[in-house]
Amino acid sequence: MPSGKTNVLALDLGIRPGWTLDATLARITRGPLNLKTRRPLALGWAGDEQADLAGFIFGLGAFVRATQMSQSVHRMGAFHSLAVALTVVGAAFGALFGRDGDGWRQGVRTGLAIDGGEVTVAARFVVLATSLKRLPLGLRPFGPPQDGMKVLDVAAPPRRLALALPAVLMGGAETWLRRHGYHRDLAERVVVSSPAPVVVDGEVFPGGEITIGLGAPVRFLVP
């Protein structure tokens, strides 16, 4: 049931606000059931300071700052797609007009390895991962909708951001994006290592060495 502040998972499943517990129970009694399956991200921290988690959107770097900004947006009374729109605009403004050494553009020094590949350590503007297909406002930072774990990795400070931002957000596949530090990947296993905090489904958690894969499928009843 969509009961959060942005309800990104509900949007991906095609569940609109108003899908209540009573409506769910009534739908079960009528049958047949309309079920959709999604595989959440499964996140594990090295050591024992943080318990393993399951979620649908992971992010670090500018995504953490944007999430913190969204809390102010929510206090203003903006939720769902409006909150996403205001947060994207605010984050874009900070990233576009900030200096390379400020909090938005300087990035977070992070180690990243995809599917057992070599670990690359560099300043990263943002790292995002999701198993969802659809995001609010038709945003497609991971490219065309597809199954699996999608990853977006942007170097810091972001280069040619004024040109790249629209292309990245709308799923553009311009070849120059990768040359300028904007990388999209479809992965089965990602290892992220950073002391900076990370965000999972809108909540902030400590950084560290984090392994991200796909968890067991979850079935959802939808209208």
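Given the structure is predicted, the values throughout are model-derived calculations rather than measurements.

**Overview of the overall build of the chain**
Reasoning step 1: Broken down by element type, the chain carries six helices and 13 strands.
Reasoning step 2: Burial status across the chain gives 44% buried among its 223 residues.
Reasoning step 3: Taking as baseline every contact in the chain between residues at least 6 positions apart, the subset at least 24 positions apart corresponds to 63%.

**Concerning the pairing of strand S4 (residues 57-61)**
A regular strand places its side chains so that they alternate between the two faces of the sheet.
Reasoning step 1: In terms of burial, S4 is largely enclosed, as five of its five residues are buried.
Reasoning step 2: Here S4 runs beside strand S6 (residues 120-130); their pairing, made up of five bridges, is antiparallel. Bridge pairing in S6 places Phe 58 opposite Ala 129.
Reasoning step 3: Pairing between S4 and strand S10 (residues 198-200): three bridges, direction antiparallel. Across the sheet, the residue bridging to Phe 58 is Val 200, located in S10.

**Quick notes on the confidence of the model for the chain**
Reasoning step 1: Per-residue pLDDT for the chain averages 83, and the proportion of residues at 70 or more is 83%.
Reasoning step 2: Mean pLDDT across the secondary structure elements of the chain bottoms out at helix H4 (residues 80-97), with 49, and peaks at strand S12 (residues 208-214), with 97.
Reasoning step 3: The low-confidence segment residues 76-83, where pLDDT is below 50, has 13 contacts with residues more than four positions distant or belonging to other chains.

**Some thoughts on unusual backbone geometry**
Reasoning step 1: In this model, Ala 156 is joined to Pro 157 through a cis peptide bond whose omega is -10°.
Reasoning step 2: Along the chain, Pro 157 falls in the loop between strand S7 (149-155) and helix H5 (161-169).
Reasoning step 3: If you check the backbone angles, Arg 160 has positive phi at about 50° while not being a glycine.
Reasoning step 4: Relative to the helices and strands, Arg 160 resides in the loop between S7 and H5.
Reasoning step 5: Overall, Arg 160 belongs to the partly exposed group, its relative accessible area being 43%.
Reasoning step 6: A positive phi angle, close to 50°, is found at Asp 201, a residue other than glycine.
Reasoning step 7: Look at Asp 201 and you get partly exposed, because its relative accessible area is 41%.

**Looking at the nonpolar core**
Reasoning step 1: Residues Leu 135, Leu 177 and Tyr 182 are the most contacted members of the largest nonpolar core, which totals 28 residues.
Reasoning step 2: When contributions to this core are tallied by element, the ones reaching two or more residues are helix H1 (8-13), S6, S7, H5, helix H6 (175-179) and strand S13 (218-221).
Reasoning step 3: Apart from the residues lying within four places of it in its own chain, the contact partners of Leu 135 are Val 8, Leu 11, Ile 57, Pro 141 and Phe 142.
Reasoning step 4: Judged by nonpolar contacts, the second largest core, of 18 residues, contains Leu 43, Trp 45, Phe 58 and Ala 129.

**Regarding H5**
Reasoning step 1: If you check which residues of H5 are buried, you get Leu 161, Ala 164, Ala 167 and Val 168. On an axial view of H5, the arc spanned by its buried residues comes to 135°, and they lie on one face.
Reasoning step 2: Following H5 by one or two positions, Gly 171 adopts a phi angle in the positive range, close to 85°.

Thresholds, definitions, all that
Residues numbered from 1 in each chain as written. Predicted model: local features only at pLDDT ≥ 70, side-chain atom pairs only at ≥ 80, totals over all residues. Heavy atoms only, no water. Helix = DSSP H or I, 4+ residues; strand = E, 2+ residues; numbered from the N terminus. Buried < 20%, exposed > 50% of the residue type's maximum accessible area, 1.4 Å probe, protein only. Contact = heavy atoms within 4.5 Å. Pairing = 2+ DSSP bridges. pLDDT = per-residue confidence, 0-100. Core = buried A, V, L, I, M, F, W, Y, C linked by side-chain atoms within 4.5 Å. Arc of directions from axis to C-beta.

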